[in-house]
Amino acid sequence: MPGETEQAFLARIRSALAGRPRRTELPADVEVARVVSRNGDLVGLFIERATQAGMKVHRVADQAAMVGKIGELAGVQNAASALVPVEGVPSREAVVAELQRRGVRLLDPDDRDAAFQADIGVTGVERAVAETASLSLVSGGGRRRLASLAVPCHIAVVLASQIVADLIDWAGCRPSEMPANEVLVSSHSKTADIEMVLVPGIHGPGTLHVVLVG
Amino acid sequence: MSKAGHGAGVPDFKHQAAAAVANRRLQEIFDRATRQKDDGRRAILPELGDPLAVRELAARIKDHTLENLDRYLEQFVGQVRGRGGQVHFAADGDQAKAVIVDIARRASAKLIVKSKSMVSEEIELNHDLEAAGFEVLETDLGEYILQLAGEKPSHIVTPVAHKSREDVGRLFAEKLGIEYTSDPPALTMVARRVLREKFRTADLGIIGANFAVAETGTVCIVTNEGNGRYCSSRPRVLICLMGLEKLLPRMADLPVFLKLLGKSATGQRITCYTSLITGPKRAGDFDGPEEFHVVLMDNRRSAVLGSDYMPTLRCIRCGACLNACPVYRKIGGHAYEATYPGPIGKVITPLLNSLEVYEHLPQASSLCGACLDACPVRIDIPTHLIHLRQELVRRGRSPLTFRLGFKGWRLGMSSRWLYRWGAMQARWFMWLISRNGWCRWMPSTGGVWTQYRDLPVMPARPFRVRWAALQKELESEDGGDAR
């Protein structure tokens, strides 16, 4: 293999640091960076900031209403086809039935290209962050990484109980094992590379609906 | 970073800068682009409550990581391997490129999609991949435009800051065979169509790293467009090329930097997509890369590590110092002839390359300090620039007249009488060569200075004399009373 050995690489770092004083104590005051207190109106803040970030937030009372709302949104988007991954979507069976009832074609989640063909992608989230209106989506099992990316319209289901206050809480309340991929989705896809003109939907979804339950 | 890619020979900073200043369209575009981002940053930073405290915390976390970098690198490498990833080590850019070409060959890759990465610009990775026969596509819209145009980035966050919509329209019409349009949304959608098919069919993805977490072996990239997500999710093989300074100790440290990065770079509360990649896909996962490679690159960073310039390794490449810099705003990114332009580039380009080749960069600053004010990790760029200037003098890289001038200055400033005598001589001399109260020309080294600046003639009555007179006047007004 080209490149150099780990030993040679690390030896150079060690010799660069040799004789320098080291502060081995890690800065422990990460809380200095906290913006949102855990005690506030997290749902209200999440809705406010998600709306500012260009998400379309629809608050519903329960999962039954959530199912109806997703069907309604599929209609609003004129969706002919949908990708609903087999894992991670609350009340998945009911969502699938509702979409089918409305004549939306359900694409085979096991087709590697399904996300490139679907008009909408429906996912749940692992957690949401009020501070930045971020949706945390993780990979694994029956989830599909591209169901929230390659579709022109992403519909994410967020349960009010999943909302944490601050990014500090998001980093703190995780299982010990990281998933292979986690993404914080904090807005729809956008670019301003040409003369700072903001254009939505460059690579990922140009539209992001959040159905907030509870 | 080799000099070859930035035009052959010695950088011609002064002419490049003068040409940029004379280009009115460029001035308009750059002024708008930099001000918009700078204003956005100022508007949103107060959301952090005490932004200075957060920035100082970020600086302390980075300093701690750098001071203990050997340990954190070992931990990171162990964690990546523990999750099935492979780690490669590269002393310099050539080794890094050889490693990546080798991985691509073993993977029998044909089509490579790349997410925007300044470190790959630094080593001119695409050149080697293309020479080895691979099709490589930049997928960030700005980088894609540059790739089509065969140009270099002019900004580390918005790389086509120098191009007008008409430039992009003409480029797309020529290279992609579309009908000419200068409508940014229409042009963006053209790029979307082309790149979408590339994402779908690519077999190798290359990303950089905004951060890497030692505790978990995670690499973190942020993009607004979503191209980083595609590159790290779809192709069968994923390579992350990163400089060794990107590490953070724990997941708990990451929020501090995510809070600062988007706000400092573009005035966003947070970047649209933050991807955390921890190894290849797991057993039972439907999608994700089967192979995950991390290429850790030194490329002279270890030489900076133990030096007085160590704090420059805190840099998170947000570009805030570029947007805030009065020099960068006027001359744009290309005049620097360096991968990293603007204030931070003026310090790290000589450090990562050669101070002699880039001796113009430490001088290209008024030392106003706007960069330090803007920096989310509090890098004292003006002080580093002064130290580089001192280093240039020590190495004898300044003209004799310059050195004699400062020797004379030091002598003059060492005694009250010499100072007064020197000031009087200077005043006479300036009066002789001036016109309408301004000196626009000076002999010898002074002429280099007045080539780009005018100097007002020193007043006939120096401040010292006027101040004494004013004091006397005030005293007599007060009737000699103390207050």
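What counts, and where the lines are drawn
Residues numbered from 1 in each chain as written. Chains lettered and ligands numbered in written order. Predicted model: local features only at pLDDT ≥ 70, side-chain atom pairs only at ≥ 80, totals over all residues. Helix = DSSP H or I, 4+ residues; strand = E, 2+ residues; numbered from the N terminus. Buried ≥ 20, exposed ≤ 12 C-beta atoms within 10 Å, placed from the backbone. Contact = placed C-beta atoms within 7 Å. pLDDT = per-residue confidence, 0-100. Pairing = 2+ DSSP bridges. Nonpolar A, V, L, I, M, F, W, Y, C, P; charged D, E, K, R; others polar. Axes fitted to C-alpha atoms, helices over the stretch in contact; angles between N-to-C directions. Parallel < 35°, antiparallel > 145°, perpendicular 65-115°, else oblique. Domains from an automatic or database assignment. Expected span 1.5 Å × (residues − 1). Core = buried A, V, L, I, M, F, W, Y, C linked by C-beta atoms within 7 Å.

Draft legend 1. Inspection of the overall build of chain A at higher detail. Each helix and strand counted, chain A has 6 helices and 12 strands in total. Referenced to the eigenvectors of the C-alpha coordinate spread, the extents of chain A come out at roughly 70 × 50 × 40 Å. Burial status across chain A gives 54% buried among its 214 residues. Residue pairs at least 24 apart in sequence account for 77% of intrachain contacts in chain A once pairs closer than 6 positions are excluded.

Draft legend 2. Region of the structure containing the confidence of the model for chain B. Here chain B averages 93 in pLDDT, while 97% of its residues score no lower than 70. Below pLDDT 50 for its whole length, residues 1-9 of chain B participates in 14 contacts with residues either more than four positions away or in separate chains.

Draft legend 3. View of the sheet that holds strand S2 (residues 81-83) of chain A. All names here are of chain A. Taken together, 6 strands build an open sheet; the order of strands is S1-S12-S7-S4-S2-S3 and the sheet is parallel. Strands with a single pairing partner mark the edges of an open sheet, and in this sheet they are strand S1 (56-60) and strand S3 (105-106). Of the pairings in the sheet, the one linking S2 to strand S4 (residues 120-124) comprises 2 bridges and is parallel in character. Of the residues in S4, the one forming a bridge with Ala82 is Ile120.

Draft legend 4. Spatial organisation of the interface of chain A and chain B. Facing 64 residues of chain A, the contacting portion of chain B comprises 85 residues. Of all the secondary-structure elements, those providing two or more residues to the side of chain A that touches chain B are helix H1 (6-17), helix H6 (167-172), strand S9 (181-185) and strand S10 (190-191) of chain A. Residue composition of the side of chain A that touches chain B, by class: 31 nonpolar, 17 polar and 16 charged. Note that S9(A) and strand S9 (residues 273-277) of chain B share 5 bridges and pair antiparallel.

Draft legend 5. Just the pairing of strand S1 (residues 86-90) of chain B, in detail. Residue and element names in this part refer to chain B. In terms of burial, S1 is a largely internal element, 4 of the 5 residues being buried. Relative to strand S10 (residues 291-297), S1 is paired through 5 bridges, and the arrangement is parallel. Bridge assignment links Val87 to a residue of S10, and that residue is Val294.

Draft legend 6. Looking closely at the sheet that holds strand S7 (residues 237-243) of chain B. Residues and elements named next belong to chain B. As summarised here, the arrangement of the 6 strands in space is S1-S10-S7-S4-S2-S3, forming an open sheet in which the pairing is parallel. The sheet is open, and its two edges are formed by S1 and strand S3 (135-138), each paired on a single side. Ignoring which end each strand starts from, the neighbouring axes of this sheet average 20° apart.

Draft legend 7. Representation of the packing of helix H19 (residues 400-413) of chain B against helix H20 (residues 416-433) of chain B in the model. All names here are of chain B. Two elements in contact, H19 and H20, have axes whose closest approach is 6 Å; the angle formed by their N-to-C orientations is 125°. Regarding the angle of H19 to H20, the classification is oblique. Here Leu411, Gly412 and Met413 of H19 lie close against H20, whose contacting residues are Leu418, Tyr419 and Gly422. Tallied by class, residues from the contact of H19 with H20 come to 4 nonpolar, 2 polar and no charged.

Draft legend 8. Here's a closer look at the pairing of strand S6 (residues 134-138) of chain A. All names here are of chain A. Among the 5 residues of S6, 5 are classified as buried, and the element is accordingly described as predominantly covered. Burial of S6 is two-sided: the residues Ser134, Ser136 and Val138 facing one way and the residues Leu135 and Leu137 facing the other way are all buried. As defined by bridge partners, strand S5 (residues 127-129) adjoins S6 across 3 bridges and the pair is classed as antiparallel. Counterpart to Arg127 in the pairing with S6 is Ser136. Relative to S9, S6 runs antiparallel, the two sharing 4 bridges. Bridge pairing in S9 places Ser136 opposite Leu184.

Draft legend 9. Quick look at the domain arrangement of chain B. Segmentation of chain B into domains returns domain 1 (52-303) and domain 2 (417-477). Once you take the C-alpha centre of each, domain 1 of chain B and domain 2 of chain B turn out to be 54 Å apart.

Draft legend 10. Broad picture of H19(B). The end-to-end C-alpha separation of H19(B) is 20 Å, in line with the 20 Å expected for 14 residues at 1.5 Å each. Where burial is concerned, little of H19(B) is hidden: 0 out of the 14 residues are buried.

Draft legend 11. Inspection of the nonpolar core at higher detail. Ala82(A) and Val295(B) are the most contacted members of the largest nonpolar core, which totals 191 residues. Aside from chain neighbours lying at most four places away, what touches Val295(B) is His88(B), Ala90(B), Ala96(B), Val99(B), Ile100(B), Ile239(B), Cys240(B) and Leu241(B).

Draft legend 12. Quick peek at the environment of Val76(A). Tracing the backbone through its elements, the reader meets Val76(A) in helix H3 (residues 63-76). Overall, Val76(A) belongs to the exposed group, with 12 C-beta atoms counted inside 10 Å.

Draft legend 13. Structural view of unusual backbone geometry. All names here are of chain B. A positive phi angle, near 55°, is found at Arg378, a position not held by glycine. Structurally, Arg378 is set in the loop between helix H17 (370-374) and helix H18 (381-394). One non-glycine residue with positive phi stands out, namely Asn436, at about 55°. One can find Asn436 in the loop between H20 and strand S11 (438-439).

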